[in-house]
Amino acid sequence: MTVSQDFSQGIELVCPAGSLPALKTAVDHGADCVYLGLRDATNARNFAGLNFDEAAIASGIRYAHERGRKVLMALNTYPQAGTAQPWQSGLDKAVDLGVDAVILADPGLMQYAARRYPQLRLHLSVQGSATNYEAINFYREQFGISRAVLPRVLSLAQVQQLVERTPVEIEVFGFGSLCVMVEGRCALSSYVAGEAPNTHGVCSPAKAVRWQETPAGRESRLNGVLIDRYAEGEKAGYPTLCKGRFDVGDEHNYYAIEEPTSLNTLELLPQLMKIGVRAIKIEGRQRSPAYVGQVTQVWRDAIDQCVANPHRYTPRAVWMARLDEVAEGRQHTLGAYHRPWK
(Lines give C-alpha, C1' and ligand atoms only; values in the text may rest on other atoms or scores of the structure.)
Protein backbone atom coordinates (compact mmCIF):
# COMPACT_ATOMS: atom_id res chain seq x y z
CA MET A 1 0.00 0.00 0.00
CA THR A 2 1.25 3.48 -0.85
CA VAL A 3 -0.48 6.60 0.41
CA SER A 4 1.33 9.24 -1.58
CA GLN A 5 -0.84 12.30 -1.19
CA ASP A 6 -1.04 14.90 1.58
CA PHE A 7 -4.39 15.48 3.33
CA SER A 8 -3.10 18.22 5.65
CA GLN A 9 -3.53 21.45 3.70
CA GLY A 10 -6.54 23.68 3.00
CA ILE A 11 -10.14 22.94 2.09
CA GLU A 12 -10.51 20.14 -0.46
CA LEU A 13 -12.83 19.83 -3.42
CA VAL A 14 -14.03 16.20 -3.61
CA CYS A 15 -15.64 15.29 -6.95
CA PRO A 16 -17.53 12.28 -8.31
CA ALA A 17 -16.11 9.76 -10.77
CA GLY A 18 -18.61 7.26 -12.13
CA SER A 19 -16.26 6.36 -14.98
CA LEU A 20 -12.65 6.82 -16.03
CA PRO A 21 -13.54 9.72 -18.38
CA ALA A 22 -15.37 11.41 -15.49
CA LEU A 23 -12.35 10.91 -13.22
CA LYS A 24 -10.01 12.49 -15.74
CA THR A 25 -12.44 15.34 -16.33
CA ALA A 26 -12.68 16.05 -12.60
CA VAL A 27 -8.91 16.08 -12.23
CA ASP A 28 -8.45 18.28 -15.30
CA HIS A 29 -11.00 20.81 -14.01
CA GLY A 30 -9.50 21.20 -10.55
CA ALA A 31 -10.71 18.47 -8.20
CA ASP A 32 -8.40 17.82 -5.25
CA CYS A 33 -9.90 14.35 -4.74
CA VAL A 34 -12.09 12.05 -6.78
CA TYR A 35 -14.23 9.28 -5.34
CA LEU A 36 -15.23 6.10 -7.15
CA GLY A 37 -16.64 2.61 -6.61
CA LEU A 38 -16.43 -0.94 -7.89
CA ARG A 39 -18.92 -2.49 -10.29
CA ASP A 40 -20.95 -4.25 -7.64
CA ALA A 41 -23.19 -3.75 -4.61
CA THR A 42 -20.33 -2.58 -2.38
CA ASN A 43 -20.99 1.05 -3.31
CA ALA A 44 -24.11 3.19 -3.18
CA ARG A 45 -24.18 4.01 -6.90
CA ASN A 46 -24.45 0.49 -8.27
CA PHE A 47 -25.94 1.33 -11.67
CA ALA A 48 -25.31 -0.59 -14.88
CA GLY A 49 -22.64 1.08 -16.99
CA LEU A 50 -21.11 2.96 -14.05
CA ASN A 51 -18.08 2.40 -11.87
CA PHE A 52 -14.69 0.75 -12.24
CA ASP A 53 -12.95 -2.53 -12.76
CA GLU A 54 -9.42 -3.00 -11.45
CA ALA A 55 -7.72 -1.90 -14.66
CA ALA A 56 -9.73 1.33 -14.77
CA ILE A 57 -9.01 2.06 -11.10
CA ALA A 58 -5.28 1.53 -11.64
CA SER A 59 -5.36 3.84 -14.65
CA GLY A 60 -7.37 6.44 -12.75
CA ILE A 61 -5.07 6.37 -9.72
CA ARG A 62 -2.04 6.76 -11.95
CA TYR A 63 -3.64 9.70 -13.78
CA ALA A 64 -4.63 11.43 -10.53
CA HIS A 65 -1.37 10.83 -8.66
CA GLU A 66 0.73 12.09 -11.55
CA ARG A 67 -1.13 15.38 -11.15
CA GLY A 68 -0.96 15.49 -7.37
CA ARG A 69 -4.60 14.52 -6.76
CA LYS A 70 -6.11 11.85 -4.51
CA VAL A 71 -8.43 8.91 -5.19
CA LEU A 72 -10.96 7.67 -2.64
CA MET A 73 -12.87 4.41 -2.97
CA ALA A 74 -16.44 4.13 -1.67
CA LEU A 75 -17.26 0.78 -0.05
CA ASN A 76 -20.21 2.39 1.65
CA THR A 77 -23.06 -0.11 1.65
CA TYR A 78 -23.86 -2.70 4.31
CA PRO A 79 -23.03 -6.42 4.01
CA GLN A 80 -25.78 -8.73 5.18
CA ALA A 81 -25.31 -11.83 7.32
CA GLY A 82 -22.87 -14.22 5.67
CA THR A 83 -22.12 -11.91 2.72
CA ALA A 84 -19.15 -9.85 3.92
CA GLN A 85 -16.63 -11.34 1.48
CA PRO A 86 -17.24 -8.98 -1.48
CA TRP A 87 -16.78 -5.97 0.79
CA GLN A 88 -13.62 -7.35 2.36
CA SER A 89 -12.25 -8.27 -1.05
CA GLY A 90 -13.08 -4.79 -2.29
CA LEU A 91 -11.12 -3.29 0.57
CA ASP A 92 -8.18 -5.59 -0.16
CA LYS A 93 -8.27 -4.42 -3.79
CA ALA A 94 -8.34 -0.78 -2.69
CA VAL A 95 -5.18 -1.29 -0.67
CA ASP A 96 -3.41 -3.26 -3.40
CA LEU A 97 -4.24 -0.61 -6.00
CA GLY A 98 -3.01 2.23 -3.79
CA VAL A 99 -6.08 4.35 -3.13
CA ASP A 100 -5.52 7.24 -0.76
CA ALA A 101 -8.50 6.47 1.49
CA VAL A 102 -11.59 4.29 1.65
CA ILE A 103 -15.09 5.56 2.44
CA LEU A 104 -16.92 3.10 4.72
CA ALA A 105 -20.27 2.88 6.49
CA ASP A 106 -20.37 -0.61 8.03
CA PRO A 107 -18.65 -0.94 11.46
CA GLY A 108 -17.70 -4.55 10.75
CA LEU A 109 -15.86 -3.53 7.60
CA MET A 110 -14.18 -0.70 9.51
CA GLN A 111 -12.96 -3.21 12.08
CA TYR A 112 -11.61 -5.42 9.29
CA ALA A 113 -9.78 -2.44 7.78
CA ALA A 114 -8.41 -1.16 11.09
CA ARG A 115 -7.06 -4.57 12.11
CA ARG A 116 -5.66 -5.67 8.76
CA TYR A 117 -4.46 -2.32 7.37
CA PRO A 118 -3.78 -0.01 10.33
CA GLN A 119 -2.07 2.58 8.10
CA LEU A 120 -5.02 2.84 5.71
CA ARG A 121 -6.90 6.12 5.93
CA LEU A 122 -10.61 5.64 6.72
CA HIS A 123 -13.42 8.06 5.97
CA LEU A 124 -16.87 7.60 7.48
CA SER A 125 -19.43 7.64 4.67
CA VAL A 126 -22.55 9.76 4.68
CA GLN A 127 -24.27 6.35 4.66
CA GLY A 128 -23.08 5.96 8.26
CA SER A 129 -25.66 8.61 9.26
CA ALA A 130 -23.44 10.20 11.93
CA THR A 131 -25.16 13.48 12.81
CA ASN A 132 -23.51 14.30 16.15
CA TYR A 133 -19.99 14.56 17.47
CA GLU A 134 -20.40 11.68 19.94
CA ALA A 135 -21.06 9.28 17.07
CA ILE A 136 -18.13 10.59 15.05
CA ASN A 137 -15.77 10.43 18.03
CA PHE A 138 -16.92 6.86 18.67
CA TYR A 139 -15.89 5.84 15.15
CA ARG A 140 -12.55 7.57 15.68
CA GLU A 141 -11.90 5.84 19.01
CA GLN A 142 -12.95 2.40 17.77
CA PHE A 143 -11.65 2.41 14.20
CA GLY A 144 -9.39 5.43 13.79
CA ILE A 145 -11.40 7.30 11.15
CA SER A 146 -9.78 10.48 9.86
CA ARG A 147 -12.79 12.12 8.21
CA ALA A 148 -16.58 12.00 8.39
CA VAL A 149 -19.01 12.96 5.63
CA LEU A 150 -22.08 14.57 7.19
CA PRO A 151 -25.64 13.71 6.15
CA ARG A 152 -27.53 16.58 4.50
CA VAL A 153 -29.85 17.16 7.45
CA LEU A 154 -27.89 19.56 9.68
CA SER A 155 -28.14 23.34 9.83
CA LEU A 156 -25.00 25.44 9.47
CA ALA A 157 -25.02 26.16 13.22
CA GLN A 158 -25.22 22.43 13.95
CA VAL A 159 -22.31 21.73 11.61
CA GLN A 160 -20.25 24.36 13.45
CA GLN A 161 -21.06 22.86 16.86
CA LEU A 162 -20.02 19.45 15.58
CA VAL A 163 -16.74 20.68 14.07
CA GLU A 164 -15.83 22.33 17.38
CA ARG A 165 -16.24 19.07 19.30
CA THR A 166 -14.33 16.54 17.25
CA PRO A 167 -10.76 16.26 15.94
CA VAL A 168 -12.08 14.29 12.95
CA GLU A 169 -12.04 16.16 9.64
CA ILE A 170 -15.53 17.11 8.46
CA GLU A 171 -16.68 16.88 4.86
CA VAL A 172 -20.02 18.30 3.75
CA PHE A 173 -22.00 18.16 0.53
CA GLY A 174 -21.79 21.38 -1.46
CA PHE A 175 -23.72 20.58 -4.63
CA GLY A 176 -25.88 17.86 -6.10
CA SER A 177 -29.01 15.81 -5.72
CA LEU A 178 -30.76 15.81 -2.36
CA CYS A 179 -32.12 12.83 -0.43
CA VAL A 180 -35.20 13.31 1.72
CA MET A 181 -34.21 10.48 4.06
CA VAL A 182 -31.28 10.45 6.47
CA GLU A 183 -28.63 8.70 4.42
CA GLY A 184 -28.09 5.08 5.39
CA ARG A 185 -31.65 4.70 6.66
CA CYS A 186 -33.82 4.92 3.55
CA ALA A 187 -36.35 2.12 3.12
CA LEU A 188 -38.46 3.59 0.30
CA SER A 189 -36.76 1.74 -2.55
CA SER A 190 -36.77 -1.48 -0.55
CA TYR A 191 -40.48 -1.06 0.16
CA VAL A 192 -41.38 -0.80 -3.52
CA ALA A 193 -38.63 -2.66 -5.38
CA GLY A 194 -37.42 -5.13 -2.76
CA GLU A 195 -33.85 -3.81 -2.89
CA ALA A 196 -32.43 -1.08 -0.68
CA PRO A 197 -29.61 1.31 -1.63
CA ASN A 198 -28.06 0.50 1.75
CA THR A 199 -27.50 -3.16 0.83
CA HIS A 200 -27.75 -3.41 -2.96
CA GLY A 201 -26.20 -0.06 -3.77
CA VAL A 202 -28.96 1.34 -5.95
CA CYS A 203 -32.14 3.33 -5.42
CA SER A 204 -34.81 2.35 -7.96
CA PRO A 205 -32.95 -0.49 -9.69
CA ALA A 206 -33.17 -0.30 -13.48
CA LYS A 207 -34.69 -3.78 -13.72
CA ALA A 208 -37.74 -2.49 -11.80
CA VAL A 209 -38.21 0.65 -13.94
CA ARG A 210 -40.79 0.68 -16.73
CA TRP A 211 -41.99 3.44 -19.05
CA GLN A 212 -45.35 3.35 -20.79
CA GLU A 213 -47.11 5.67 -23.23
CA THR A 214 -50.78 6.06 -22.27
CA PRO A 215 -53.66 8.33 -23.39
CA ALA A 216 -53.11 10.28 -20.15
CA GLY A 217 -49.40 10.79 -20.85
CA ARG A 218 -46.07 9.05 -20.42
CA GLU A 219 -46.01 7.03 -17.20
CA SER A 220 -43.05 5.82 -15.18
CA ARG A 221 -43.45 2.84 -12.89
CA LEU A 222 -41.24 1.20 -10.30
CA ASN A 223 -41.98 -2.50 -9.84
CA GLY A 224 -45.47 -1.83 -11.18
CA VAL A 225 -46.14 1.16 -8.91
CA LEU A 226 -47.06 4.36 -10.75
CA ILE A 227 -44.43 6.96 -9.80
CA ASP A 228 -45.14 9.78 -12.22
CA ARG A 229 -47.08 10.84 -15.30
CA TYR A 230 -45.74 13.38 -17.78
CA ALA A 231 -47.55 15.59 -20.25
CA GLU A 232 -46.45 15.74 -23.88
CA GLY A 233 -43.12 17.55 -24.14
CA GLU A 234 -42.53 17.54 -20.39
CA LYS A 235 -39.08 16.44 -19.27
CA ALA A 236 -39.17 13.07 -17.53
CA GLY A 237 -36.86 12.28 -14.63
CA TYR A 238 -35.60 8.89 -13.48
CA PRO A 239 -38.37 7.41 -11.30
CA THR A 240 -37.59 7.36 -7.59
CA LEU A 241 -40.33 7.08 -5.03
CA CYS A 242 -39.28 10.12 -3.00
CA LYS A 243 -39.41 12.38 -6.07
CA GLY A 244 -42.58 11.02 -7.63
CA ARG A 245 -45.84 12.94 -7.98
CA PHE A 246 -48.92 11.71 -6.20
CA ASP A 247 -52.60 12.36 -5.55
CA VAL A 248 -53.09 13.15 -1.85
CA GLY A 249 -56.44 14.48 -0.64
CA ASP A 250 -57.45 17.38 -2.85
CA GLU A 251 -53.96 17.73 -4.29
CA HIS A 252 -53.33 16.01 -7.61
CA ASN A 253 -50.09 15.07 -9.36
CA TYR A 254 -47.81 17.00 -7.02
CA TYR A 255 -44.54 16.33 -5.23
CA ALA A 256 -45.78 15.01 -1.89
CA ILE A 257 -42.39 14.03 -0.46
CA GLU A 258 -39.63 15.94 -2.22
CA GLU A 259 -39.34 18.18 -5.26
CA PRO A 260 -36.59 17.61 -7.83
CA THR A 261 -34.02 20.22 -6.84
CA SER A 262 -30.30 20.32 -6.18
CA LEU A 263 -28.41 21.42 -3.11
CA ASN A 264 -26.22 24.42 -3.90
CA THR A 265 -24.19 25.96 -1.07
CA LEU A 266 -21.97 28.24 -3.14
CA GLU A 267 -23.11 31.30 -1.20
CA LEU A 268 -22.22 29.60 2.11
CA LEU A 269 -18.63 28.86 1.12
CA PRO A 270 -17.03 31.57 3.34
CA GLN A 271 -19.00 30.36 6.39
CA LEU A 272 -18.14 26.72 5.71
CA MET A 273 -14.46 27.59 5.48
CA LYS A 274 -14.58 29.81 8.57
CA ILE A 275 -16.11 27.15 10.84
CA GLY A 276 -13.45 24.65 9.80
CA VAL A 277 -15.11 22.35 7.28
CA ARG A 278 -12.27 20.37 5.71
CA ALA A 279 -13.80 19.32 2.39
CA ILE A 280 -16.65 20.13 0.02
CA LYS A 281 -18.21 17.15 -1.72
CA ILE A 282 -19.96 17.22 -5.08
CA GLU A 283 -22.66 14.59 -5.57
CA GLY A 284 -23.14 12.87 -8.92
CA ARG A 285 -21.29 9.66 -9.73
CA GLN A 286 -24.32 8.72 -11.82
CA ARG A 287 -23.96 11.90 -13.89
CA SER A 288 -22.01 12.46 -17.11
CA PRO A 289 -18.40 13.62 -17.47
CA ALA A 290 -19.80 16.90 -18.86
CA TYR A 291 -21.69 17.46 -15.60
CA VAL A 292 -18.56 16.65 -13.59
CA GLY A 293 -16.45 19.06 -15.60
CA GLN A 294 -18.94 21.91 -15.41
CA VAL A 295 -19.57 21.65 -11.68
CA THR A 296 -15.93 21.03 -10.78
CA GLN A 297 -14.76 24.09 -12.72
CA VAL A 298 -17.29 26.37 -11.01
CA TRP A 299 -16.39 25.14 -7.54
CA ARG A 300 -12.66 25.28 -8.25
CA ASP A 301 -12.97 28.94 -9.26
CA ALA A 302 -15.18 29.72 -6.27
CA ILE A 303 -12.90 28.06 -3.71
CA ASP A 304 -9.81 29.73 -5.14
CA GLN A 305 -11.45 33.16 -5.03
CA CYS A 306 -12.82 32.62 -1.54
CA VAL A 307 -9.40 31.54 -0.22
CA ALA A 308 -7.74 34.54 -1.86
CA ASN A 309 -10.23 37.10 -0.53
CA PRO A 310 -12.88 35.62 1.79
CA HIS A 311 -14.21 39.01 2.99
CA ARG A 312 -15.08 40.14 -0.53
CA TYR A 313 -16.28 36.82 -1.86
CA THR A 314 -19.69 36.59 -3.48
CA PRO A 315 -20.97 33.97 -5.90
CA ARG A 316 -20.81 35.18 -9.48
CA ALA A 317 -24.01 35.17 -11.51
CA VAL A 318 -22.31 33.11 -14.22
CA TRP A 319 -21.40 30.44 -11.63
CA MET A 320 -24.96 30.16 -10.41
CA ALA A 321 -26.29 30.03 -13.96
CA ARG A 322 -23.91 27.21 -14.89
CA LEU A 323 -24.89 25.21 -11.81
CA ASP A 324 -28.59 25.77 -12.48
CA GLU A 325 -28.09 24.27 -15.95
CA VAL A 326 -27.21 20.91 -14.39
CA ALA A 327 -29.41 21.10 -11.27
CA GLU A 328 -32.41 18.81 -10.86
CA GLY A 329 -35.48 20.67 -12.05
CA ARG A 330 -33.10 23.52 -12.96
CA GLN A 331 -33.53 24.88 -9.44
CA HIS A 332 -31.45 24.88 -6.28
CA THR A 333 -31.84 25.13 -2.52
CA LEU A 334 -29.73 25.58 0.61
CA GLY A 335 -31.51 22.57 2.07
CA ALA A 336 -31.15 22.06 5.81
CA TYR A 337 -28.16 24.40 6.03
CA HIS A 338 -30.50 27.38 6.10
CA ARG A 339 -33.52 27.19 8.42
CA PRO A 340 -35.12 30.65 8.69
CA TRP A 341 -37.38 29.59 11.55
CA LYS A 342 -34.45 28.83 13.86
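Scroll up to find the structure this text is about.
Please read all numbers here as calculations on a predicted model, not as lab measurements.

Caption draft 1: Main features of the overall build of the protein. From N to C terminus, the protein includes eleven helices and 15 strands. Taken over the C-alpha trace, the protein has a radius of gyration of 20 Å; the compact-globule value for 342 residues is 20 Å, and the two agree within 12%. Projected onto the principal axes, the alpha-carbon positions of the protein cover approximately 60 × 55 × 40 Å. Here the protein holds 342 residues, and 53% of them are scored as buried. Summed over all atoms, the accessible surface of the protein reaches about 15,400 Å², with 48% contributed by carbon and sulfur. If you average the places of the 36 positive and of the 36 negative side-chain charges in the protein, the two averages end up 3 Å apart.

Caption draft 2: Focus on the environment of Gly233. The topology assignment puts Gly233 in the loop between β10 (225-230) and β11 (246-248). Residue Gly233 is classed as exposed on the basis of its relative accessible area, which comes to 78%. Measuring from C-alpha to C-alpha, the distance between Gly233 and Gly217 comes to 9.8 Å, with 16 residues separating the pair along the chain.

Caption draft 3: Layout of the nonpolar core. Judged by nonpolar contacts, the single largest core of 81 residues is most densely connected at Leu91 and Trp299. The greatest single-element share of this core, amounting to eight residues, is contributed by helix α10 (residues 289-308). Excluding its chain neighbours within four sequence positions, the residues that come into contact with Leu91 are Leu75, Leu104, Leu109, Tyr112, Ala113, Tyr117 and Leu120. Counting residues in each nonpolar core, the second largest holds eight residues, with Cys33, Tyr35, Ala74 and Ala101 among its members.

Caption draft 4: Just the packing of aromatic side chains, in detail. Applying the stated rule across the entire model yields five aromatic pairs. Consider the rings of Phe175 and Tyr291, whose centres lie 6.4 Å apart with planes at 35°: the pair is tilted. Taken together, the positions of Phe175 in strand β7 (residues 169-177) and Tyr291 in helix α10 put the pair 116 residues apart, joining distant regions of the chain. Each member of the pair, Phe175 as well as Tyr291, is classed as buried. In this structure, Arg152 is placed above the aromatic ring of Phe173, and the distance from its NZ or CZ to the ring centre is 3.9 Å.

Caption draft 5: Representation of helix α11 (residues 317-326) within the structure. If you check which residues of α11 are buried, you get Trp319, Met320, Leu323 and Val326. Angular distribution of buried residues about the axis of α11 spans 125°; they occupy a single face of the element. Taken together, the buried residues of α11 touch β7, β13 (262-264), α10 and β15 (332-333).

Caption draft 6: Structural view of the pattern of salt bridges. Applying the stated criterion to the full structure yields 20 salt bridges. One salt bridge in this structure joins Glu12 and Lys70, with 2.6 Å as the shortest N-O distance. Placement of Glu12 in strand β1 (residues 12-16) and of Lys70 in strand β3 (residues 70-75) is noted, with a sequence separation of 58 residues between them. Its relative accessible area of 5% is what places Lys70 among the buried residues. The closest approach of N and O atoms between Arg300 and Asp32, which form a salt bridge, is 3.1 Å. Of this pair, Arg300 sits in helix α10 while Asp32 sits in the loop between α1 (20-28) and β2 (33-36), and the two are 268 residues apart along the sequence. By relative accessible area, Arg300 is classed as buried at 14%. Residue class for Asp32 comes out partly exposed when judged on its relative accessible area of 21%. Each of Glu12, Lys70, Arg121, Arg147, Glu169, Glu171, Arg278 and Lys281 takes part in one network of salt bridges that share partners.

Caption draft 7: Just the pairing of strand β8 (residues 209-214), in detail. Across six bridges, β8 lies against strand β9 (residues 217-222) in antiparallel orientation. Bridge pairing in β9 links Trp211 to Ser220. Where β8 folds back on β9, the antiparallel hairpin that results is connected by two residues.

Caption draft 8: Local environment of the packing of α10 against α11. At a minimum axis distance of 10 Å, the contact between α10 and α11 shows a crossing angle of 155°. Accordingly, the angle class assigned to the pair α10 and α11 is roughly antiparallel. Both α10 and α11 take part in a crossing whose hand is left-handed. Here Tyr291, Gln294, Val295, Gln297, Val298, Trp299, Asp301, Ala302 and Gln305 of α10 lie close against α11, whose contacting residues are Trp319, Arg322, Leu323, Glu325 and Val326. A class-by-class count of the residues in the contact of α10 with α11 yields eight nonpolar, three polar and three charged.

Calculation criteria
- Residues numbered from 1 in each chain as written.
- Predicted model: local features only at pLDDT ≥ 70, side-chain atom pairs only at ≥ 80, totals over all residues.
- Heavy atoms only, no water.
- Helix = DSSP H or I, 4+ residues; strand = E, 2+ residues; numbered from the N terminus.
- Rg over C-alpha atoms; globule rule 2.2 N^0.38 Å.
- Buried < 20%, exposed > 50% of the residue type's maximum accessible area, 1.4 Å probe, protein only.
- Areas by Shrake-Rupley, 256 points an atom, 1.4 Å probe, with all protein chains shown as cover.
- Lys, Arg positive; Asp, Glu negative; His and termini not counted.
- Charge placed at Lys NZ, Arg CZ, Asp CG, Glu CD.
- Core = buried A, V, L, I, M, F, W, Y, C linked by side-chain atoms within 4.5 Å.
- Contact = heavy atoms within 4.5 Å.
- Phe/Tyr/Trp six-rings, centres within 6.5 Å; stacked < 30°, edge-to-face > 60°.
- Lys NZ or Arg CZ within 6 Å of the ring centre and 35° of its normal.
- Arc of directions from axis to C-beta.
- Salt bridge = Lys/Arg side-chain N within 4 Å of Asp/Glu carboxyl O.
- Pairing = 2+ DSSP bridges.
- Axes fitted to C-alpha atoms, helices over the stretch in contact; angles between N-to-C directions.
- Parallel < 35°, antiparallel > 145°, perpendicular 65-115°, else oblique.
- Left-handed = near helix turned anticlockwise from the far one by under 90°.
- Nonpolar A, V, L, I, M, F, W, Y, C, P; charged D, E, K, R; others polar.

Shape is all these values report; function is a separate question.
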